[in-house]
Every structure is written in structure tokens, then in C-alpha cells.
Amino acid sequence: MSSVTAAPKAQKVFAPWDDPDATPLVEFVDVRKQFGDFTAVNGVSLKIFPREFFALLGPSGCGKTTLLRMLAGFETPTSGKILLDGKDLSRVPPNLRPVNMMFQSYALFPHLTVEDNIAFGLKRSGYGRKEMEERTAEMLQLVQMKEFAKRKPHQLSGGQRQRVALARSLAKGPKLLLLDEPLGALDAKLREQTQFELMNIQEKTGTTFVIVTHDQEEAMTVASRIGLMNKGSLAQVATPGQIYENPDSRFVADFIGDVNILEGRAGKGLRRDGEEVTGFEYAGGKLSGRANEAIAPGATAWLAIRPEKILVSKTAPKDKSLSNVLEGRVHDIAYSGNLSTFHVRLDNGAIVKAQEANRRRLAKREIVWEDKVWLAWTPGAGVLLAR
Amino acid sequence: MAKGGLGRIAVIAIPYVWLLVFFLAPFAIVLKIALSETAIAQPPYVPVLDLQAGWAGFAEFLSELDFDSFTYLLSDSLYAKAFLSSLTIASLSTLFALLVAFPLAYGMARAPERWRAILLMLVILPFWTSFLIRVYAWIGILRPEGLLNAFLLWAGLISEPLQILNTPVAVYIGIVYSYLPFMVLPIYSTLEKMDDSLLEAAIDLGCTRTSAFWLVTLPLALPGIVAGCFLVFIPAMGEFVIPDLLGGSSTLMMGKTLWSEFFSNRDWPVASAVAIVLLLALVVPILIFQRQAERQQEAGR
């Protein structure tokens, strides 16, 4: 896929995946995993670079956890190779890999104190007594759990357990930290706060993180890159911004965030408002969108347009740059405090969602149910997809 | 409010009344007999409490009680030997039961989920037959011309029948067999509850499979092991049927001594004294067991 918004050259941006000379920390080479008849992972090739915060995202059963467990060594690939620092991992048992994992259930040892849980891995790897105590104290400090060192896991709250689990998995200073739905058990507020802590700790320790999650918002927030999986394969691997703005398939567009997908026919390449776009015929109207790959004119295509990029108005838009226009009636309004989502029914019966920030108070809302409205967006706001 | 209070008192009172009537009262009677003296009479001991005589009779009755039976237990080394022998047999049987039961429980807990109910059934199945019949069945297996010897002779492993019946070995076999479910079930229940990811975490942090077992599985199964040990040790200590049927005359145990004092010697006071010593010897481990259970409950909260 083509790169979208090139960052200004002066500023050094962390993007080793764009650098052909960068050596990956982890490399999957055509990895497959079969459980009986079921193919959990189907030919995944992927490079993860040092210091990356890589998110494996996808619906449940898409193979993301299997991929993670193969990295940890709890599953062996049916075929293909996994390289760590260029060395094949397949013959290395899990206890000898420089990889640690933070489990979804946290898997804290209930019979050990917080301190002993954190020191558990250190004891197995020949640390001296003094070194071990120092390292444990350092880890407790890192996750701000110093005053809970002598507690047992059952005396801690969910958020505290999560911190201990993180400290324990980081204690041995692994090259790669694997996190399996690390925030799944926390409530929404705490989760958000913890996401930022996780990013801080990742930056501070410089460890490469691979996180598995089904929560797309979480992946967008924490990750440097997201690998979106579907049915055992990687659907798209890109930065959060790219994957949101430039999905390369309907699955990706639909999975990440809210989107309208209109089915129509591709047209010719056009130049609109200074942008190279591709024409799109929809319900007799002429629309346009950015295409990431050449689509033959006349072929079936889909236009993916995010609700927040659509302007809703009660009069026909006068702004010439809003060249994509559809008409309809307000079918429903979903009010969520900061935003209102208008569900607009087009003449052909299709529903298109458009989102507006509630700049005015609710009582002063101009557009109400059954109003005739115009939906408008700029030529390149939507993405034209061939699949 | 008053009604609720009454109801609450009833709920608390019922178990206490139960204990009073079915535990404390019989215990008081046994204690009374232990403090009496043997006599050729019906019942075979004096004094007998005469309620018609009123307070004076009761005072006289009290004055006639003494600790002779207990001092007698100390004077004859038979009783100390029986006690020590009981202790040895019960301890070793508990150890053997643990060695057999742990792999069994571990295998059950690791078995695929759909198999577990069936395996659990198989462990409990022997309870559907009378205990006595099962012990008798072991006589058929262990005697010189029994199934075990017939098999070993047929297999050519031995040239003449082994004498197993009427030896301590038979008693160990009997106790381990009979009490095995009591050891398996509590261990199984602790192992079954264990989260598999704990073992994965241990391995992830550098353990081998073996060290993960010693550092994680075993400590977590400890409450079940302790419970199982007490459930086997306590009844084995006072066991009578198994040593009597399988152990022959050479096996000395408290339960057997008690039986022969009571029925062969018709010495009720000494038999009662043995019963009380046995009870006191068991109260200590029971109390430890209870404290352990309480602590476990607290930890589970």
C-alpha cells in the first residue's frame, strides 16, 4: 500500500518499518498453526521491530492469541518459522526464551506475596540475593506497588493485580514482552488510565511489547502499529492513523471505528480540489473517493466514509469543496453527550450515519427527526475499496 | 424483631443440642464407666448411679469414682505398644495413601473435562458396597491360595505362595484401599480448581515442568493434601475391622485392644479408658485440621 501522510523530514519519527535496512526483533515467516481440522493461523508473515508497541487486534477466534502463544513457546507452529533476533525459536523451550508473558488472568501465584511473585523469575535465573532484592524493589517502584510488597494477591484489587503481573513479567528484563488482553478485566475508567501507564512503562524500559486485544480503541491508543487479524490471516498491518484513514478492505474499515460502506461502481480517475481521486457511481449520483489501488472503471467497488467526516445540513451545501452530496431524511438521532449521530435514510432506503460534535446545547439542536437534510463531504474524505 | 431473634437462637441451638445429645452425653457416660471399677454384675462395673437415693446417693457415687483404669493402662506396656503400633500403622498408611492418591488425583484433574465426572464416579463407586464385604474380599485376594498368589505363581514370579494375610502388610493394603477416596477427593478438588495459566506462568518465568510442579502445583494442592491426610489418619488410628480381619493376632492396634477388653475380658472400665485416651490422642490432630481449614477459608476469601 502507498504511504499516506509522510512526516516532515526534519523531525525524526519512530518508524523502523519504513526503513528497509532496519533489522526486526521478531520475524514470522509464513507461520501456520493447525488444531485438528481448524486452522487457527493461516500463513502469517510479519516483522516486529525493537522498541515497538505492536498490537494484534481482531475478533475472537481470529488467531491473535495463538500467534502470541507461539511467540511465548506454548504452541509450536505447524509450519513456518519464528525468528527472534534472527535466530529460529522453534527448538527453544518457553522457559529458555528471552520472552515473558503477562497473562489475561494475570496468573499470579496465590501462595506467594507480591514481592515473591515478582522475584519468582529472578530466582530461576541465577540472580544473586542482593541483585534480586534490588531488581524486585526497582520493579515495585516502577508499578508503584512498594507499600503492597508483603500482601498476597487475594488482598489486592484488580488494578493492583494487573500491576504486579506487569512487574513480574518485566522483572527478568525480557527482550520481548507479550501481553494477552492485559486490561480486559479492568473497568473502563481504570483501563484508560492504565493504557497510558503501560505506554509510559514501555517507553521507560525500552522493551518491545506485543499486545493482544479485541478492543480497537485500546489498540489505537497504545500501539505504534496494529496488525489486524481476520480468520487466521493478517488483514492489514499499519499505524493506527493509517489503518483508520486508509483501510485496505471492507473488513478493516468496518472493524476499526464506525463507518458507512456504500456499494457502487468505480469511475475514472479525477482531479478534484487539488486531490487525485477516483470517481464513484452510487444510486445514480456521482461521488468520489481516494483509491489505494487501481480499480478498473465499471467494476464493483465500495466507498468507506467515516460518520464524523460527513457534514449534515438542512440546506444544500454551498461550499464547492464538498463535492460529494447525498440527500435524505433524518431517521434517528443517537445522542451520546458530546456527539450526535444522525441516521439519515436515503431515497434508496440505505441508512447513512453522520456525526456532529454538539457545539450547542441539546435544546437548541437545529436538525430533528424527519427533517430533509443534505449530507456532504470532501472529494478525498472517503476511501474507495475493491474488496 | 423478637421473632427473628428466636429463630436465630433456634438455628444456632440445633447443632449445639445435637452435639450435646449425641456426642457430649455419650462421652460423659464413657468417662463415667472409665472411672468406675470392674465387677461381676450387670452392668459389669460399680458404682451404679442410683437416682432414687437423691443427693446423698450422688455424692456417694462420686466418691467411689477413681482413675485406677487409667493408671492400669500405664502399668501394662501392652497399651503403650498398641498405641505406638496404631500410630505407626496410621501414619505409614496415610503416607502410602498419599503416594497412591496424588498421582491419581493429578491424572483426574488433568484429564479432559468430559472424562472427569466418570473418573470421579469410579473413585466413589466402592462406597456403594458395604465396607465389611470389601474387606472380606481382600481375604480372598491375599490368602495363600488366593487370587494374588495364584496370579504370581502362574506368572512364575514366585515358586511358593507368599504369606501376606495376617501380616502388617495386609493391614496397610486394607487401610490404603479403604480410605483412598478420602485422600483422592480433597486433593482432586484443589488441583481441579487450579488455573492452568499458573503453570504456564511458572514455565514462562524460567521453570522446567518439574520445578513448576514443586514450586506451584504442590504448594497449591497442600490444603487438599492436609485435609486428605487427616481424613485418612484419624479413622485409621482407631481402625478395628481391618486389623482384625486382615492383620491376624500379631497386629496390635488400639481399636483391637479396646474390642478385646470390652468383649473378651468384659472389663468395661479399662475399655472405656482406652477409648478416652484414643479420643484425646485424636482431638489434637482434629484441632490442627480445623485451624488449617479456617485459615484456608480465610485465604480463599
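Coordinates for the structure precede this section.
Fair warning: this is a prediction, and the values are worked out from it, not measured in the lab.

All names here are of chain B. On the surface, Trp115, Ile118, Met121, Leu122, Ile124, Leu125, Phe127, Trp128, Phe182 and Leu231 cluster together into a nonpolar patch covering about 960 Å² of accessible area. Counting residues per element, the nonpolar patch draws most heavily on helix 5 (residues 113-124), at five residues. Counting through the fold element by element, Phe182 comes out in helix 8 (residues 168-193). With relative accessibility at 32%, the residue Phe182 sits in the partly exposed group.

Counted by the stated rule, this structure contains 26 aromatic pairs over all chains. Centre to centre, the rings of Phe109(A) and Phe120(A) are 4.4 Å apart; their planes meet at 45°, and the pair counts as tilted. Residue Phe109(A) is found in the loop between strand 6 (99-102) and helix 2 (114-123), and its partner Phe120(A) is found in helix 2; the two are separated by eleven residues along the sequence. Their ring planes at 15° and their centres at 4.8 Å tell us that Phe262(B) and Trp268(B) sit as a pair that is stacked. Through a chain of ring-to-ring contacts, three or more aromatic side chains come together here, namely Tyr45(B), Phe240(B), Trp259(B), Phe262(B), Phe263(B) and Trp268(B). Positioned above the aromatic ring of Phe120(A) is the side chain of Arg124(A), whose terminal nitrogen or guanidinium carbon lies 4.6 Å from the ring centre. Across from the ring centre of Tyr244(A), 4.0 Å away, lies the NZ or CZ of Arg306(A), which sits over that ring.

With that out of the way, let us pick up the interface of chain B and chain A. Tallying the contact residues gives 19 residues for chain B and 20 residues for chain A. Broken down residue by residue, the surface that chain B buries against chain A is led by Glu200(B), Asp204(B) and Leu205(B), which jointly contribute 40%. Across the salt bridge formed by Glu200(B) and Arg69(A), the nearest N and O atoms sit 2.6 Å from each other. Our enumeration of links across chain B and chain A arrives at eight residue pairs in polar contact (both at pLDDT 80 or more). Breaking the side of chain B that touches chain A down by element, the ones donating at least two residues are helix 9 (196-204), helix 10 (209-237) and helix 13 (268-300) of chain B. With seven residues, the single largest contributor to the side of chain B that touches chain A is helix 9 of chain B. For the side of chain B that touches chain A, a count of residues per class yields eleven nonpolar, three polar and five charged.

Each value, and the rule that gives it
- Residues numbered from 1 in each chain as written.
- Chains lettered and ligands numbered in written order.
- Predicted model: local features only at pLDDT ≥ 70, side-chain atom pairs only at ≥ 80, totals over all residues.
- Heavy atoms only, no water.
- Patch = residues over 30% accessible without salt bridge, like charges linked within 9 Å, V, L, I, M, F, W, Y side chains within 5 Å.
- Areas by Shrake-Rupley, 256 points an atom, 1.4 Å probe, with all protein chains shown as cover.
- Salt bridge = Lys/Arg side-chain N within 4 Å of Asp/Glu carboxyl O.
- Helix = DSSP H or I, 4+ residues; strand = E, 2+ residues; numbered from the N terminus.
- Buried < 20%, exposed > 50% of the residue type's maximum accessible area, 1.4 Å probe, protein only.
- Phe/Tyr/Trp six-rings, centres within 6.5 Å; stacked < 30°, edge-to-face > 60°.
- Lys NZ or Arg CZ within 6 Å of the ring centre and 35° of its normal.
- Contact = heavy atoms within 4.5 Å.
- Buried area = accessible area lost by both parts, 1.4 Å probe.
- Polar contact = N/O pair within 3.5 Å; in protein donor to acceptor, adjacent residues only side chain to side chain.
- Nonpolar A, V, L, I, M, F, W, Y, C, P; charged D, E, K, R; others polar.

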